[in-house]
Amino acid sequence: MGSAQAAEADTLTVAQLLEYQNIAWIIWGGVLVFFMQAGFALLESGSVRAKNAVNVMMKNYTDMCIGGLAFYLVGFGLMMGTNHSGFVGTDHFMPVALSNMDWALMFFQMMFAATAVTIASGAMAERVSFIGYAVAACLICLFIYPVFASWVWGGYFGGTGWLTELGFIDFAGSTVVHSIGGWLALAGILVIGPRLGRFAPDGTPRLIAGHNMTLLALGGFILWFGWFGFNAGSTLSITGNIGLIAVNTFVAAVSAVVSYMLISRSLNKAILLSDSVNASLIGLVSITAGCATTTPVFAIIIGAVASVVYILSSQALLKFKVDDVVSAVAVHGFGGAWGTLAAGLFYTGDLFNLSRLGVQALGVGVALGWGLGLGLVMYKLIDLSFGLKASRLHEQRGLDYTEHAELGYPEFQKQMFDSKSLTERHL
């Protein structure tokens, strides 16, 4: 009887099994989002010149580490803690005793914070100080990102964010993650200015080609792959509508690429690999807000329009002499804004509700003010204290050598630098 009772006690209930499945689903989604860091690193590295390949990889590798630690210590509490005010969480800082499900949620949200902070890396590439960038990564995950996220996704341990109370829709983060990251990237670009030679004296943009389109494309594939975890994982439940979310995610991306190619062909422009990858990414960004609340037909429309948003916003930024190496502002900032508005327009069962659209527009505007406004203040203060922009000499020589004493392609670059100096800096 004793062994029978023990076996009965060890039998899991249906509710317990479902909880364990949900935990596994959340962790798997978080792992896919973590793998997106590799996608960002490859895409950005391929988009810059060979002399900056190591620096871009280093930023992506370490901003996740710095940001993840900051998010655990403070950011998680600000974002997910008890939020009776609607503006910020007040507890669960540096937690040590959570349930298994709560630990899984923290892990998942850590990956989202890492995604938001790394968006600025590629935009500011080739002329930003590594230390200055690292300080910014810490502050973004410590305060800027989690506070805004608390307005939309906060109150997990009690209370609700004020934007959620108004009915704001952002299922997986078109605005919370991507627009905030995009506007922070824009702030950083405005503070450090363009790369040397990017614009002619009359303002005409000059092409500075990336050194490896293969890395760029591979990064795009990895980001696309990880996005299924980003969006479908945000159900936080294996019983959610993950099939619909996965389909919407996919068709929005493919329709954006097809739309871009048709537009380029009609304008007799070259169909570029770099722009094709960015078109897929803005399609993914745009569907992220409404992936659970729209249908595939509207997802196709959202993606198609997203490519137009990408083309127009990229050209507009160039006219204002904004040097964004990987078009992060167009893809994530403007793409996230369009996707958030689209989530209100194409809400299943209540299409084209102007009241809902107004709430969505409010959220978009608040994100712009919060991300760009605080970003400008933060980057300017970092520039005045730690230094944000690399010196002209460092930019000319390449940040791989000046910041890290490592060369991405030593067989071809070592003759340009003093090997003795490199050796000494490694000891």
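Our subject is the structure listed above.
Please read these numbers as outputs of a predicted model, since none were measured by experiment.

Criteria and thresholds
- Residues numbered from 1 in each chain as written.
- Predicted model: local features only at pLDDT ≥ 70, side-chain atom pairs only at ≥ 80, totals over all residues.
- Heavy atoms only, no water.
- Axes fitted to C-alpha atoms, helices over the stretch in contact; angles between N-to-C directions.
- Helix = DSSP H or I, 4+ residues; strand = E, 2+ residues; numbered from the N terminus.
- Left-handed = near helix turned anticlockwise from the far one by under 90°.
- Contact = heavy atoms within 4.5 Å.
- Nonpolar A, V, L, I, M, F, W, Y, C, P; charged D, E, K, R; others polar.
- 1 Å grid on protein atoms, 1.4 Å probe; cavity = no way out; pocket = protein on both sides within 12 Å on 5 of 7 lines; lining within 4 Å.
- Points joined across faces, edges and corners; volume = space filled by probe spheres on them.
- Salt bridge = Lys/Arg side-chain N within 4 Å of Asp/Glu carboxyl O.
- Buried < 20%, exposed > 50% of the residue type's maximum accessible area, 1.4 Å probe, protein only.
- Phe/Tyr/Trp six-rings, centres within 6.5 Å; stacked < 30°, edge-to-face > 60°.
- Parallel < 35°, antiparallel > 145°, perpendicular 65-115°, else oblique.
- Patch = residues over 30% accessible without salt bridge, like charges linked within 9 Å, V, L, I, M, F, W, Y side chains within 5 Å.
- Areas by Shrake-Rupley, 256 points an atom, 1.4 Å probe, with all protein chains shown as cover.
- Bend = angle between axes of the 7 residues up to and from the residue.
- Polar contact = N/O pair within 3.5 Å; in protein donor to acceptor, adjacent residues only side chain to side chain.

A. Seen up close, the packing of helix 4 (residues 100-123) against helix 7 (residues 174-192). For the pair helix 4 and helix 7, interaxial distance at closest approach is 8 Å and the crossing angle is 35 degrees. Viewed along their axes, helix 4 and helix 7 form a crossing whose handedness is right-handed. Within the contact between the two elements, helix 4 uses Phe112, Thr115, Ala116, Ile119, Ala120 and Ala123 and helix 7 uses Val177, His178, Gly181, Gly182, Ala185 and Ile189. Residues that form the contact of helix 4 with helix 7 fall into these classes: eight nonpolar, four polar and no charged.

B. Local environment of empty space enclosed by the protein. Per the counting criterion, the structure on display carries one cavity of 30 Å³ or more. Volume-wise, the largest cavity comes out at about 90 Å³. Considering the residues around the largest cavity, the lining is formed by Phe40, Leu43, Glu44, Ile119, Leu223, Asn278, Leu281, Val326, Ser327, Ala328, Val331 and His332. Looking at the lining of the largest cavity, the elements that each hand over two or more residues are helix 2 (14-47), helix 10 (273-287) and helix 12 (328-345). Here the lining of the largest cavity is built from residues that sort into eight nonpolar, three polar and one charged.

C. Region of the structure containing the pattern of salt bridges. Using the criterion set out here, one finds seven salt bridges in the structure. Two residues, Glu126 and Arg195, come together in a salt bridge whose shortest N-O distance is 2.5 Å. Highlighted residues: Glu126 in the loop between helix 4 and helix 5 (130-153) and Arg195 in the loop between helix 7 and helix 8 (213-232), separated in sequence by 69 residues. Residues Glu126 and Arg195 agree in their burial class; the two are buried. One salt bridge in this structure joins Glu395 and Lys389, with 3.8 Å as the shortest N-O distance. Residue classification places Glu395 among the buried residues on the basis of a relative accessible area of 3%. Residue classification places Lys389 among the partly exposed residues on the basis of a relative accessible area of 34%. Within this structure, Arg49, Glu126, Arg127, Arg195, Arg198 and Asp323 form a network of salt bridges that share partners.

D. Region of the structure containing the packing of aromatic side chains. Across all of its chains, the model carries 18 aromatic pairs by this definition. Where Phe87 meets Trp151, the ring centres are 6.3 Å apart and the plane angle is 80 degrees; that geometry is what we call edge-to-face. Within this pair, whereas Phe87 is found in the loop between helix 3 (53-80) and helix 4, its partner Trp151 is found in helix 5, the two being separated by 64 residues in sequence. For Phe87, a relative accessible area of 45% gives the class partly exposed. For the pair Tyr156 and Phe157, a centre-to-centre distance of 4.8 Å together with 90 degrees between the ring planes defines the contact as edge-to-face. On the basis of relative accessibility, which here comes to 23%, the residue Phe157 falls in the partly exposed class.

E. Quick look at the packing of helix 8 against helix 10. It is at 10 Å that the axes of helix 8 and helix 10 come closest, and there the two elements cross at 10 degrees. The pairing of helix 8 with helix 10 is recorded here as roughly parallel in orientation. Taken together, the residues of helix 10 that come into contact with helix 8 (itself represented by Met213, Leu216, Ala217, Gly220, Leu223, Trp224, Trp227 and Asn231) are Leu273, Ser274, Val277, Ser280, Leu281, Leu284, Val285 and Ile287. For the contact of helix 8 with helix 10, the per-class residue count stands at twelve nonpolar, four polar and no charged.

F. Broad picture of a nonpolar patch on the surface. A cluster of nonpolar side chains, contributed by Leu69, Leu73, Phe93 and Met94, occupies part of the molecular surface with about 360 Å² of accessible area. With respect to the helices and strands, Phe93 occurs in the loop between helix 3 and helix 4.

G. Quick peek at the layout of surface pockets. Its volume calculated, the largest pocket comes out at about 990 Å³. As for the largest pocket, its lining consists of 36 residues, of which Leu272, Ser274, Asp275, Tyr310 and Ser327 are closest to the centre. Where the lining of the largest pocket is concerned, the elements lending two or more residues are helix 2, helix 8, helix 9 (242-266), helix 10 and helix 11 (296-319). No other element matches helix 11, which puts six residues into the lining of the largest pocket. Taken together, the residues of the lining of the largest pocket break down into 21 nonpolar, eight polar and seven charged. Considering only enclosed or pocket space, the second largest pocket measures out at about 310 Å³ in volume. Counting only elements with at least two residues in the lining of the second largest pocket, the list comes to helix 4 and helix 5. For the lining of the second largest pocket, the leading source of residues is helix 4, giving four residues. Residues belonging to the lining of the second largest pocket are distributed by class as follows: twelve nonpolar, three polar and one charged.

H. Inspection of helix 5 at higher detail. Helix geometry: helix 5 is bent most strongly at Ile140, by close to 50 degrees. Taking the backbone nitrogen of Ile131 as reference, a side-chain oxygen 3.4 Å away marks Ser129 as the first, capping residue of helix 5. Phi turns positive one or two residues past the end of helix 5, at Gly155, with a value near 80 degrees.

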